[in-house]
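# Descriptive structure summary
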Amino acid sequence: MYYVIYFYFYPAIGYYIADVTILECSDGYDKKKVIERIKNQLTDKNKELTIGDDSVRIISYVDQFYSLIDAEAYIKENPIRPTLYSFSIQWHFTKKCNQHCVQCYLGSEQFDGMLKESELTDSELKLVVDNFYSFCYEIQASPVFVLTGGHPLLSDKLEIILSHIDNQYRKKGMLSNIFILGNPQYIEENIEMLERYNIDSYQISLDGTEKMHDEWRGKGSFAASMQALSILTKSTISPKIMATLSKKNAEDIIELYKYLCKNGAPYFAYSRLVPNCSERSTDYFQEHFTAIEYKDFLEKMFSVICEMKESGYKTQFIFKDHLWKPFLIEKGIWDLDERYGKNRDQELIYDGCHINQDSLCIGTNGNVYACMKTKSLLGNVKTNTFEEIYTSKQAEYFRDLDRYESCSICKYKHYCRGCHAVSYGVYGDFYKADPQCWIAESLR
């Protein structure tokens, strides 16, 4: 039996090559063995390639061929669609959840309608997939689905979405990434299904060591997260640990990172708490970082990152928060010319906040937002196309960088721009300067 395998090859962080190959698998399809065979193929083509554990990600496969000629003909009929970059949707497709996290932004005022209205029907879910693929290929982008809730594994809608993506698109050379942001519970019961649909990664939240985390997310949640991490690490799905950072748990985040390094977690990152995102959150989080306090935290965190790396631990810290960029540039760790080229166009956006640049967010009722953490309703997938939403006046509001206080005159404008959801949470004004940015303070 011959298999057509569509896959992504990642020769470097943030860069991938879409490819397809044919493998003869007389003993049936074994995903881990297939990945090893593809790695060997790549190495045979280029002996200088360094291929890590996560360098090859299977996107889909087709297994109906009894001859090599038939498999080759299938690829000819279903070639990989070329793309120039990626575009993502963070899709909250279900309200079902088994946790009541204190910092959850879905309890905020802007989501009242989403929480009261019905979820999209099965046919509407499939239409969202169809329309998003159509939009992406119109702009020559590779679709990225970030599926979340609620807890995705509590809803049978998850497999409806995954099946439609796989059968109608990925198996036909129209490749995409799929990431899941979910709770740790029920991963063991669903791991076979997640592997079958070639999920790229599953993100689990940990907000500190056990006492702090369980205080935020419920008793037993920390233990469940560590069990889920163990299950995912043994699978072909990349586990990622994400924390929400606040002044309340800052020291705990540092201890958590050390703990994860010692327990073999492959990736760790955090995002900053958006203040006042709900009444419950406002009551719980009474104090927030000042700009100087946050920079002091970055100094401590970076010192620990270096210490753990020098000690030989392999956990990769993802510098997700955009204020890491000016911090690392000022320390001489990042060089703009090396990262983005000496002759780069100084007017282009190279990095930083993705709000309405190459991403959108969808709520359970079809409402589309520029960002789920700030008041930013743009339209609804049931009445608007993605093109209409992305090019609307409401969307342009969030792309007008000249209106960003402090960022508009900052030399790092094209690489950072902080987090203006935090600005909205503190001031009720999206365009106010990030209150935790020390550079913004100096520009006032």
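Note that residues are indexed from 1 along each chain, following the sequence as it is written. Thresholds applied to this predicted model are a pLDDT of at least 70 for local features of residues and 80 or more for the giving and counting of side-chain atom pairs; totals over whole chains, interfaces and linings are not thresholded and use all residues. Where side-chain values are given, they derive from all heavy atoms of the structure, hydrogens and water being excluded.

## Side note on helix 11 (residues 291-310)
Stated precisely, the cut-off is as follows: Secondary structure elements are defined from DSSP: runs of H or I of at least 4 residues count as helices, runs of E of at least 2 residues count as strands, and each element is numbered from the N terminus. Helix span is expected to be 1.5 Å times the residue number reduced by one. The buried label applies to any residue whose accessible area, calculated with a 1.4 Å probe on protein chains only, is under 20% of its type's maximum; exposed applies above 50%, and partly exposed to all values in between. This arc corresponds to the set of directions leading from the helix axis out to the C-beta atoms. In this description, contact between two residues means that some pair of their heavy atoms is separated by no more than 4.5 Å.
Here helix 11 is 20 residues long and its end C-alpha atoms lie 29 Å apart, about the 28 Å a rise of 1.5 Å per residue gives. Taken residue by residue, helix 11 has Ala291, Tyr294, Phe297, Leu298, Met301, Phe302, Val304, Ile305 and Met308 as its buried positions. Relative to the axis of helix 11, the buried residues are bounded by an arc of 165° and lie together on one face. Check the buried side of helix 11 and you find it contacts strand 8 (238-245), helix 9 (250-262), strand 9 (267-272), strand 10 (316-317), helix 12 (324-330) and helix 17 (438-443).

## Describing the packing of helix 6 (residues 187-196) against helix 8 (residues 221-233)
Stated precisely, the cut-off is as follows: Simply put, an axis is a line fit to the C-alpha atoms, just over the touching stretch for a helix, and the angle between two N-to-C directions goes from 0 to 180 degrees. Angles are sorted into four bins: roughly parallel if under 35 degrees, roughly antiparallel if over 145, roughly perpendicular if 65 to 115, and oblique for all others. When the near helix sits turned anticlockwise from the far one by under a right angle, the crossing is termed left-handed; a clockwise turn instead gives a right-handed crossing. Think of it as three bins: nonpolar holds Ala, Val, Leu, Ile, Met, Phe, Trp, Tyr, Cys and Pro, charged holds Asp, Glu, Lys and Arg, and polar takes everything else, Gly as well.
At a closest axis distance of 10 Å, the pairing of helix 6 and helix 8 adopts a crossing angle of 25°. As summarised for this structure, helix 6 and helix 8 are arranged roughly parallel, according to the angle between their axes. As helix 6 runs across helix 8, the sense of the crossing is right-handed. The segment helix 6 lies against helix 8, with Ile187, Glu188 and Ile191 engaging Gln227, Ala228, Ile231 and Leu232. Across the contact of helix 6 with helix 8, the residue classes tally to five nonpolar, one polar and one charged.

## Some thoughts on the pairing of strand 5 (residues 141-148)
Put simply, the rule is: Criterion used throughout: strands pair if DSSP finds at least two bridges between them. Orient the strands so they point away from the viewer; a crossover is then right-handed if the path from the first strand over the helix to the second runs clockwise.
With eight of eight residues buried, strand 5 is to be regarded as a mostly interior element. Sheet topology note: the strand 4 (residues 85-92)/strand 5 ladder contains eight bridges and is parallel. Opposite Ile89, over in strand 5, you have Phe145 as the bridge partner. Pairing between strand 5 and strand 6 (residues 177-181): four bridges, direction parallel. Within strand 6, the position partnered with Leu147 by the bridge is Ile180. A crossover connection joins strand 5 to the parallel strand 6 through helix 5 (residues 157-168); in handedness this β-α-β unit is right-handed.

## Concerning the sheet that holds strand 1 (residues 2-12)
Pairing is antiparallel in the open sheet, where three strands are placed in the order 2-1-3. Taken across any chain shown, the strands that pair with only one partner, and hence form the sheet edges, are strand 2 (15-24) and strand 3 (56-65). Strand-to-strand twist in this sheet, taken as the mean axis angle between neighbours without regard to direction, amounts to 20°. In this structure, strand 1 lies alongside strand 2, joined through nine bridges in antiparallel fashion. If you follow Tyr6 over to strand 2, its bridge partner there is Val20.

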